[in-house]
Amino acid sequence: MKYRAPTVREYLILKYSKDVEEILAVARGFTEIKSVKGLKKFLSTYLTEIEIVKMTNPELNLPYYPEETEHKQYFKCNSQEIKSVSDYTNLNFSEVYNLNIFEFWGYLHDAAVWNLSRTESGRDYLEKAYVNSQAEPDRESLREVFGGKKNGK
């Protein structure tokens, strides 16, 4: 990456804030910004770089498996991820907001895996998420289940 990794607080401001002055103040901590056009270019490039790093590192992403039934969410908990990392690491919210965003995503992944692995249904979910995340089929296991020979022989 061209610039240092942002803290959680900086990332959330750069990605979600609607306050241009707040965004500018944070962005100027990474590079010199002289115009709104320069700010837009920086944000686009920088946030894309961060997303690429996240997408190419499975340990920075939450295990995911599409479930057949969606659970209706009546209320949104805005600090759920911060709370999960806080509980997992024993850091207070302020300390969590000051973590490097990649450390935060790593802890969030680990907290989710830890919490899910504590129940049978959670372990089932993790297994399905793992299978769902595999890009290549496990040919050896498929041969065991369905029969067949190695390399078409």
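Look up a bit, the structure's there.
As the structure is a computational prediction, the values presented were derived from the model and not from experiment.

Caption draft 1: Representation of the packing of aromatic side chains within the structure. The full count for this structure, using the stated rule, is seven aromatic pairs. Relative to Y46, the ring of Y3 lies with its centre 5.8 Å away and its plane at 85°, an arrangement referred to as edge-to-face. Here Y3 is found in the segment before helix 1 (8-16), whereas its partner Y46 is found in helix 3 (residues 36-55), with 43 residues between them in sequence. For Y46, a relative accessible area of 0% gives the class buried. An aromatic cluster of at least three residues, connected via ring pairs, comprises Y3, F30, F42 and Y46. Taking the ring centre of W105 as reference, the NZ or CZ of K54 above it sits at 4.4 Å.

Caption draft 2: Fine view of the nonpolar core. Formed by 27 residues in total, the largest nonpolar core has its most connected members in L14, F42, F104 and W105. Among the elements of the structure, helix 1, helix 2 (20-27), helix 3, helix 4 (80-89) and helix 6 (101-116) are those that each provide at least two residues to this core. For this core, the element with the most residues is helix 3, which contributes six residues.

Caption draft 3: Quick peek at the packing of helix 2 against helix 3. Here helix 2 crosses helix 3 at 65°, and the two axes come no closer than 11 Å. When the interaxial angle is binned, helix 2 and helix 3 end up roughly perpendicular. The handedness of the crossing between helix 2 and helix 3 is left-handed. Residues V20, I23, L24 and A27 of helix 2 touch helix 3, and the partners they reach there are L39, F42 and L43. For the contact of helix 2 with helix 3, the per-class residue count stands at seven nonpolar, no polar and no charged.

Caption draft 4: Structural context of helix 3. The end-to-end C-alpha separation of helix 3 is 28 Å, in line with the 28 Å expected for 20 residues at 1.5 Å each. Taken residue by residue, helix 3 has L39, F42, L43, Y46, L47, I50 and K54 as its buried positions. Relative to the axis of helix 3, the buried residues are bounded by an arc of 110° and lie together on one face. Seen from the buried face of helix 3, the exposed residues on the opposite side, beyond 90 degrees, are K37, K40, K41 and M55. Structurally, helix 3 contributes buried residues whose contacts are with helix 1, helix 2 and helix 6.

Caption draft 5: Quick look at the pattern of salt bridges. If you walk through the whole model with that rule in mind, you get four salt bridges. For E32, the salt bridge is made with K34, and the minimal N-O distance between the two is 3.5 Å. Each of the two residues, E32 as well as K34, counts as exposed. D87 is paired through a salt bridge with K83; the nearest N and O atoms lie 2.8 Å apart. Here K83 and D87 lie together in helix 4, a separation of four residues that amounts to about one turn.

Criteria and cut-off values
- Residues numbered from 1 in each chain as written.
- Predicted model: local features only at pLDDT ≥ 70, side-chain atom pairs only at ≥ 80, totals over all residues.
- Heavy atoms only, no water.
- Phe/Tyr/Trp six-rings, centres within 6.5 Å; stacked < 30°, edge-to-face > 60°.
- Helix = DSSP H or I, 4+ residues; strand = E, 2+ residues; numbered from the N terminus.
- Buried < 20%, exposed > 50% of the residue type's maximum accessible area, 1.4 Å probe, protein only.
- Lys NZ or Arg CZ within 6 Å of the ring centre and 35° of its normal.
- Core = buried A, V, L, I, M, F, W, Y, C linked by side-chain atoms within 4.5 Å.
- Axes fitted to C-alpha atoms, helices over the stretch in contact; angles between N-to-C directions.
- Parallel < 35°, antiparallel > 145°, perpendicular 65-115°, else oblique.
- Left-handed = near helix turned anticlockwise from the far one by under 90°.
- Contact = heavy atoms within 4.5 Å.
- Nonpolar A, V, L, I, M, F, W, Y, C, P; charged D, E, K, R; others polar.
- Expected span 1.5 Å × (residues − 1).
- Arc of directions from axis to C-beta.
- Salt bridge = Lys/Arg side-chain N within 4 Å of Asp/Glu carboxyl O.

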